Structures are given as structure tokens and as C-alpha cells.
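Tertiary structure, described
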Amino acid sequence: MSEYKFLPTVLILITKTRNNMLKSKISIGSCYIFVSLLLILLLPYQVFSYGSSSGELKKYLLLMEEKFSNYGWKDLHPREIPWEYYRTTKYKRPLMFVSFGDGSKNCILFFGGVHGDELPSVYLMFKLANYVKENPVLFKDKCIVIAPLLNPDGFLSASSTRINSNGIDINRNFPTRDWPAKAISQWIAKGKNKRYYPGAKPASEQETIFQIALIKRFKPQKILSAHSPLNFFDYDGPSSDLNSFEKWMEQICKEINHPLKKFGYYPGSLGNYAGHERNIFTLTLELPSSNPGQGKHYFEQFQTSILKFINLPVVGSPPNVRIINNNK
Ligand SMILES: [Zn+2]
């Protein structure tokens, strides 16, 4: 990894300095104190340089493009997007996001690839990033944050997996209030399906912590998380506004012929953490299939409703958000 590229030189320098000190008969004690001080001085460099390693990101994006071309996704251009990242997965893949528009406005967060085998959800979010970047005028007074691939280890593994590289379903790992009492017991009661393992403790995974950090930083009013293949829209959020939002959703779903379901939420799920507990309008878009070949078609199918969700006028900051006009 490139942030460690100076490490060999530094170690050689330390060894040389230590040997010189020993030769000049400086006590071993003060020699080790010197080396420890040097290491402490270098520590902040290691921490603060982490997110700015563009070589690492470039390598990751090239790998991504290779995977995309296997799926026939030739129209995505991930290297043209000004991604940011500050943390990585177990296999050191950057957990990246991009923000567009006016950051002082209330934000909308988009998540894709939460489950690494839900392939078209990844296409949809990379395509959305392209679209927003190419149409800045449409979004200049909006704040749009897109994290297109939350589970890169699952997505990039030889045969893509729902769970991350620790075997954990990151949509069951959020630190919701009911997690300690229910997450593991419900998982056991439902037959210990490995695809839904919530982890040994909540927020144990970098992929979960990444989403929490984005929610804390951008304080979004709205979130859309794309999944597949259950084929519906699901909503979690402020119950005082449930009726008006549900009416709006019913209208949207009728327009695009996509079912609306109240699926409920699980211990440790995003809908529970953001929608139920923090009153953020949280929409789950379940695409009709996990077929990567359908990505382009799904973007065309859902583009209008995604744009309407971006433009849905809501006021206030979570937990006090509400829709101000549901006729649009
Ligand atoms: Zn999913």
C-alpha cells in the first residue's frame, strides 16, 4: 500500500542512527528512547495520510472497471468522479463516496452495493454519480452524496457475496436499540442463515461505521438505499409524516408500476437505524432482479422516481423533518 512506501527508508534510517549511537557509546536506554520518540513523531503521518493516497484509489478503480466490463457495464466511468475516502475494508478496499452540489443544503444520501451480490444496485449508483456529475445545473441547489459500493469485498470476491469479508450482513450490523436483545436471538430463531449473520457485536464492521459516519457528517433528510431482487419500494421514517409520504410513494409507484410494501425493519438494519430511530426518510429500492445485465434498464426505469425523491420538498433537520408539499 502506497502510504507505507516511505517505511523501508525510515526503518533503514532508524537502524543506522541506532548503530551510530551505539558506536558513539550512547547508552542502549537512551538509544531506545530516541527510536520510540521517532516512531511517535511518525505516527500522525501514518494516520493523516491515509485518505489522500490517490495511487491506492486509482488501483482500486482500475480493478473495479475490470469487474464492470465482465458485467458489460461499459458506460460507467468511475475514474472521472472526484471520490473521497477515509477508511477501508478488511481487504483494504477504499470505502468511497462523492458529494455534489451545495453542501449547506439539506442532503440526500444514496447507498448501493450494501449486499455485494446485488449487482445492478452497484450499476445504478455509479450511473447516478455519472448523471449528477454531467448535469450540475439540475443539482446546483441540492446536496447529493453517493456511496455506490458499500461492500466492495463482497462485490469483488470471485463469486460475489451478500456478506462482507468477515461473513457479516452489514444491513444487520447497525447499533440499533434492539440489537443487543434481538439481533443474534432472531438470527438463531430463523435458522442461522449465514447470509444474514449480524456479527458478534453491533457496528463491528468498517462498512457499517462508514455509513454511520456519512449520516453523522451530512445529516441527511433523505436516504435511498438500493438492493435487489425483491422488487418493491419500502419506506422507514418519521411516523407523523407517514401518511403524506405514503401517499406520495403510492403515486410514484403507480407511475412506474413498482409495488410499495411496508416490509418493516430488522435489528441492525439501516431502515431501523436511520428511518425508525433517527426519523430520516429512508427509502429502500428493491430492484426486480440481481441480473447485472439489467443495470442500464433499471436506471432508465427508476431514474424519474429517483429524481422526484431528490426533489421531494422536505423541511427541518432529523429527527424533525417533514414533507412540505406532497403533490409534486
Ligand atoms: Zn440487499
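Residues numbered from 1 in each chain as written. Predicted model: local features only at pLDDT ≥ 70, side-chain atom pairs only at ≥ 80, totals over all residues. Heavy atoms only, no water.

Another point: the sheet that holds strand β1 (residues 84-88). The strand order across the open sheet built from 7 strands is β1-β2-β4-β3-β5-β7-β6, with neighbouring strands paired in mixed fashion. Taken across any chain shown, the strands that pair with only one partner, and hence form the sheet edges, are β1 and β6 (232-236). For this sheet, the mean angle separating the axes of adjacent strands, direction not counted, is 20°. Across 6 bridges, the pairing between strand β5 (residues 222-227) and strand β7 (residues 281-286) is parallel. Following the sheet pairing, A226 is matched in β7 by L285. (Pairing = 2+ DSSP bridges. Helix = DSSP H or I, 4+ residues; strand = E, 2+ residues; numbered from the N terminus. Axes fitted to C-alpha atoms, helices over the stretch in contact; angles between N-to-C directions.)

On the secondary structure map, Y298 appears in helix α10 (residues 295-311). A C-alpha to C-alpha distance of 9.0 Å links Y298 and S121, two positions 177 residues apart in sequence. Setting aside residues no more than four positions away along its own chain, Y298 makes contact with P120, L124, L287, P288 and S289. (Contact = heavy atoms within 4.5 Å.)

Another point: the confidence of the model for the protein chain. Predicted confidence across the protein chain gives a mean pLDDT of 86, with 82% of residues reaching 70 or more. Put simply, helix α2 (residues 28-48) is where the protein chain has its lowest mean pLDDT, 52, and helix α4 (residues 119-134) is where it has its highest, 98. Here residues 1-7 is modelled with pLDDT under 50, and outside its nearest four sequence neighbours on either side it reaches 14 contacts, counting other chains as well. Here residues 43-52 is modelled with pLDDT under 50, and outside its nearest four sequence neighbours on either side it reaches 14 contacts, counting other chains as well. (pLDDT = per-residue confidence, 0-100.)

On to the coordination of the zinc ion. Around the zinc ion, the protein contributes the donor atoms H115 (ND1), E118 (OE), E118 (OE) and H227 (ND1), at 2.1 to 2.4 Å from the metal centre. Residue H115 is classed as buried on the basis of its relative accessible area, which comes to 2%. Relative accessible area serves as the criterion here: at 5%, E118 is assigned to the buried category. (Donors = N, O, S within 2.8 Å, 3.2 Å for Na, K, Ca; no water. Buried < 20%, exposed > 50% of the residue type's maximum accessible area, 1.4 Å probe, protein only.)

When its volume is computed, the largest pocket comes out at roughly 580 Å³. Within the residue set of the lining of the largest pocket, elements represented by two or more residues are α6 (179-189), β5, β6, α9 (270-276) and β7. Class assignment for the residues of the lining of the largest pocket results in 12 nonpolar, 11 polar and 9 charged. Volume-wise, the second largest pocket comes out at about 210 Å³. If you trace the second largest pocket, you find 14 residues lining it, with N106, K142, Q221, K222 and I310 closest to the centre. (1 Å grid on protein atoms, 1.4 Å probe; cavity = no way out; pocket = protein on both sides within 12 Å on 5 of 7 lines; lining within 4 Å. Points joined across faces, edges and corners; volume = space filled by probe spheres on them. Nonpolar A, V, L, I, M, F, W, Y, C, P; charged D, E, K, R; others polar.)

The next subject is α4. Compared with the 22 Å implied by 1.5 Å per residue over 16 residues, the 23 Å span of α4 between its first and last C-alpha is a close match. Among the 16 residues that make up α4, 14 are buried, leaving the element largely enclosed by the rest of the structure. (Expected span 1.5 Å × (residues − 1).)

Here we take up the packing of aromatic side chains. Under the definition given, this model contains 22 aromatic pairs. Among the aromatic residues, those joined into a cluster by ring pairs are F68, Y71, W73, W83, Y123, F126 and F155. The lysine or arginine in question, R172, covers the ring of Y266, its NZ or CZ lying 4.0 Å from the ring centre. Over the ring of Y273 we find R278, and its NZ or CZ is 3.7 Å from the ring centre. (Phe/Tyr/Trp six-rings, centres within 6.5 Å; stacked < 30°, edge-to-face > 60°. Lys NZ or Arg CZ within 6 Å of the ring centre and 35° of its normal.)

A word on the pairing of β5. Taking burial as the measure, the 6 residues of β5 include 6 buried ones, the bulk of the element. Here strand β3 (residues 107-111) pairs with β5 via 4 bridges, running parallel. Residue pairing for β5: F110 is matched across the bridge by L224.

Right, let's get into α6. Within the span of α6, buried status applies to W179, A183 and W187. Buried positions in α6, seen along its axis, are confined to an arc of 20° and lie on one side of it. Across from the buried face of α6, at angles greater than 90 degrees, the exposed residues are A181 and A189. (Arc of directions from axis to C-beta.)

Let's shift gears to the state of the cysteines. Within the structure shown, the criterion is met by 1 disulfide. Between the sulfur atoms of C107 and its disulfide mate C143 the distance is 2.0 Å. Taking the torsion about the S-S bond as the criterion, the C107 to C143 disulfide, at about 80°, is right-handed. Note that C107 is positioned in strand β3 and C143 in strand β4 (residues 143-147), a separation of 36 residues in sequence. The exposure class of C107 is buried, given its relative accessible area of 2%. (Disulfide = S-S within 2.5 Å.)

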